[in-house]
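These are the residues of each chain, in order.
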Amino acid sequence: MLTKTQEQMNELLRELKLGCVLVEQKYDGTKCFRHYYLHKSEQFVTYRQTNRTLPSPIRYYINQIDEIRVGFKTRTFDRLIKHKLLRQDDEQCAFSIFSNNYRDEINLLANDEEIRNIWIEGLQYLIEIHSQIQQNYLTNETNWILNSFYSITKQRSDSLSKDECRQLLIDTFNTKVSDEDFERFFQKIDKNSLVSDEFLELFHSITLRHDLYKIMKKYANNTENQTIDSLYLTAEQLLEFLQKEQNQFVLKTRKNDSKCDFTLESINTNEQVKELIQQFESNDQMKENGHISLKGFRDLLLSDDFTLMKPWCSRFVYQDMTRPLNDYYINTSY
């Protein structure tokens, strides 16, 4: 199959955002005809709900999708074929989505093979994009914030009022901020309601890390004129911090035919630090100058390589897991 250009992929995603009718096949043979579409944020797939008395539509978040399976390759489809509730010819229109660590499964039929392939290609592309972002940037927190934001906007517009933003910060994120500070932050954005990106900006403004600001000031020069918004570290200053405070190593992986190997590299050159700045700093001007802001510094320290857990323990099967289950001691405490 020929690789699509970025323009072609953008057009394909536009088609998914318009959506189409897909048939959800239930295990008992029930068929649900629904207009499925990709949300404009490209964060999840859902369907249009015409009957307001029914429960809110389910959202299938891209970052939680484990696998897109083509054809009749699930227990549900096997049963429907066995009981002649589906025709074998329908397989060319069938696909299944597994999500939430394979706990959730949805089996779908498109009108034809072309529509099925559009959905598969579009979802696979988005899964790959999200996977790359997760490898190169801190997204767990961002996804959590966005998921919480969208859970409030179900069945309504895609924005939240000032009061709803305040309530979300208190109820979900346990963010302690005075009414005066909240008003000040909200006035900086200067809107009566916020869409998801604007709420992210508000959240990051309110939750600035003053403890990290103090650490950065120890290594930055000319801090008298630097505010919490303007303070930055150069590559040399960040390297000094990583060597003195962190004694930091980074994990380098190498894939071969049978497994994924890793090595640990100590951080001791400006080039290594500049790579980290490119990876975690979101401000383009800061990147160009080889500087890292407070937000970039925070995201760096919250990334997988900098966690308390050894990264190879969280990313690889590093113990012998080939034995029967009763050969292992299982610690079930909290």
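Treat the numbers as computed from the prediction; the structure is a model and nothing was measured. (Residues numbered from 1 in each chain as written. Predicted model: local features only at pLDDT ≥ 70, side-chain atom pairs only at ≥ 80, totals over all residues. Heavy atoms only, no water.)

Draft legend 1. Here's a closer look at the confidence of the model for the protein. On average, residues of the protein score 83 in pLDDT, and 86% of them reach the 70 mark or higher. Looking at the elements of the protein, mean pLDDT is at its lowest for helix 13 (residues 311–315), recorded as 61, and at its highest for strand 1 (residues 20–25), recorded as 95. (pLDDT = per-residue confidence, 0-100. Helix = DSSP H or I, 4+ residues; strand = E, 2+ residues; numbered from the N terminus.)

Draft legend 2. Focus on the sheet that holds strand 6 (residues 94–99). Strand order in the open sheet made by the seven strands is 4-3-2-1-7-6-5, with antiparallel pairing throughout. Each end of this open sheet is capped by a strand with a single partner; those strands are strand 4 (60–61) and strand 5 (65–70). Inspection of the sheet shows strand 5 paired to strand 6 by five bridges, in the antiparallel sense. Looking at strand 6, one finds that I65 is bridged to S99. The sheet contacts of helix 1 (residues 6–18) involve strand 1 and strand 2 (31–38), and relative to strand 2 the element is tilted by about 135°. The sheet strands contacting helix 2 (residues 75–82) are strand 1, strand 6 and strand 7 (104–109), and the helix crosses strand 7 at an angle near 45°. (Pairing = 2+ DSSP bridges. Contact = heavy atoms within 4.5 Å. Axes fitted to C-alpha atoms, helices over the stretch in contact; angles between N-to-C directions.)

Draft legend 3. Spatial organisation of the packing of helix 6 (residues 179–189) against helix 7 (residues 196–206). One can describe the packing of helix 6 onto helix 7 by two numbers: an axis separation of 10 Å at closest approach and a directional angle of 140°. By the angle class used here, helix 6 and helix 7 are oblique. Crossing angle aside, the handedness with which helix 6 passes helix 7 is right-handed. Residues F182, F185, F186 and I189 of helix 6 pack against E198, E201, L202, S205 and I206 of helix 7. (Parallel < 35°, antiparallel > 145°, perpendicular 65-115°, else oblique. Left-handed = near helix turned anticlockwise from the far one by under 90°.)

Draft legend 4. Representation of the UniProt feature "domain: PH" (unreviewed entry) in the protein within the structure. As annotated in UniProt, the feature "domain: PH" (unreviewed entry) corresponds to residues 95–128 in the numbering used here. Within residues 95–128, the helical portion is 47% and the strand portion 32%, while the C-alpha atoms at the span's ends are 18 Å from each other. (UniProt positions renumbered as here; feature names shortened; annotations may be inferred.)

Draft legend 5. Spatial organisation of the packing of helix 5 (residues 162–171) against helix 7. Closest axis-to-axis distance for the helix 5/helix 7 pair is 12 Å, and the angle between their directions is 50°. Accordingly, the angle class assigned to the pair helix 5 and helix 7 is oblique. For the pair helix 5 and helix 7, the sense of crossing is right-handed. Two secondary-structure elements touch here, helix 5 through C165, L168 and L169 and helix 7 through F199, L202, F203 and I206. When grouped by side-chain class, the residues that make up the contact of helix 5 with helix 7 number seven nonpolar, no polar and no charged. (Nonpolar A, V, L, I, M, F, W, Y, C, P; charged D, E, K, R; others polar.)

Draft legend 6. Quick look at the packing of aromatic side chains. If you walk through the whole model with that rule in mind, you get 10 aromatic pairs. Where F173 meets F199, the ring centres are 6.2 Å apart and the plane angle is 35°; that geometry is what we call tilted. Here F173 is found in the loop between helix 5 and helix 6, whereas its partner F199 is found in helix 7, with 26 residues between them in sequence. By relative accessible area, F199 is classed as buried at 1%. When the centroid spacing of 5.7 Å and the interplanar angle of 80° are considered together, the rings of Y219 and F241 count as edge-to-face. Residue Y219 is located in helix 8 (residues 210–219), and its partner F241 is located in helix 9 (residues 235–246); the two are separated by 22 residues in the primary sequence. Each member of the pair Y219 and F241 is classed as buried. Feature note: the residues F149, F173, F199 and F203 constitute an aromatic cluster, connected by ring pairs. Lying over the aromatic face of Y47, R34 brings its terminal NZ or CZ to 4.4 Å of the ring centre. (Phe/Tyr/Trp six-rings, centres within 6.5 Å; stacked < 30°, edge-to-face > 60°. Buried < 20%, exposed > 50% of the residue type's maximum accessible area, 1.4 Å probe, protein only. Lys NZ or Arg CZ within 6 Å of the ring centre and 35° of its normal.)

Draft legend 7. Representation of the layout of surface pockets in the model. In this structure, the second largest pocket occupies an estimated 510 Å³ of space. Lining the second largest pocket are 18 residues, with H204, S205, L208, D229 and K295 positioned closest to its centre. Those elements that provide at least two residues to the lining of the second largest pocket are helix 6, helix 7 and helix 12 (294–301). Considering only residue class, the lining of the second largest pocket consists of six nonpolar, six polar and six charged. The two domains that each donate at least three residues to the lining of the second largest pocket are domain 2 (140–207) and domain 3 (230–315). (1 Å grid on protein atoms, 1.4 Å probe; cavity = no way out; pocket = protein on both sides within 12 Å on 5 of 7 lines; lining within 4 Å. Points joined across faces, edges and corners; volume = space filled by probe spheres on them. Domains from an automatic or database assignment.)

Draft legend 8. Main features of helix 9. Along helix 9, the residues that are buried comprise A235, Q237, L238, L239, F241 and L242. Tucked into the core, helix 9 has its buried residues touching helix 8, strand 10 (232–234), helix 10 (270–280), strand 13 (291–293) and helix 12. Of the residues one or two after helix 9, N247 is the one with positive phi, at around 50°.

Draft legend 9. Region of the structure containing the nonpolar core. Ranked by internal contacts, the top residues of the largest apolar core, which has 25 residues, are L22, Y36, I62, I68, F95, I97 and W119. Elements that contribute at least two residues to this core include exactly helix 1, strand 1, strand 2, strand 3 (44–47), strand 5, strand 6, strand 7 and helix 3 (113–136). Ranked by residue count, the leading element in this core is helix 3, at six residues. The contact partners of W119, leaving out residues within four places of it in the chain, are L16, G19, C20, L22, Y36, Y37, L38, V45 and F95. If you look at the next biggest cluster of nonpolar residues, it comprises 24 residues, including A220, L231, I292 and L300. (Core = buried A, V, L, I, M, F, W, Y, C linked by side-chain atoms within 4.5 Å.)

Draft legend 10. Structural context of the pairing of strand 7. Inspection of the sheet shows strand 1 paired to strand 7 by two bridges, in the antiparallel sense. What sits directly across from E24, in strand 7, is L108. Pairing analysis gives six bridges linking strand 6 to strand 7, with the strands arranged antiparallel. Looking at the pairing, I97 lines up with I106 of strand 7. Counting the residues between successive antiparallel strands, the hairpin from strand 6 to strand 7 contains four residues, one of them, N100, with a positive phi of roughly 55°.

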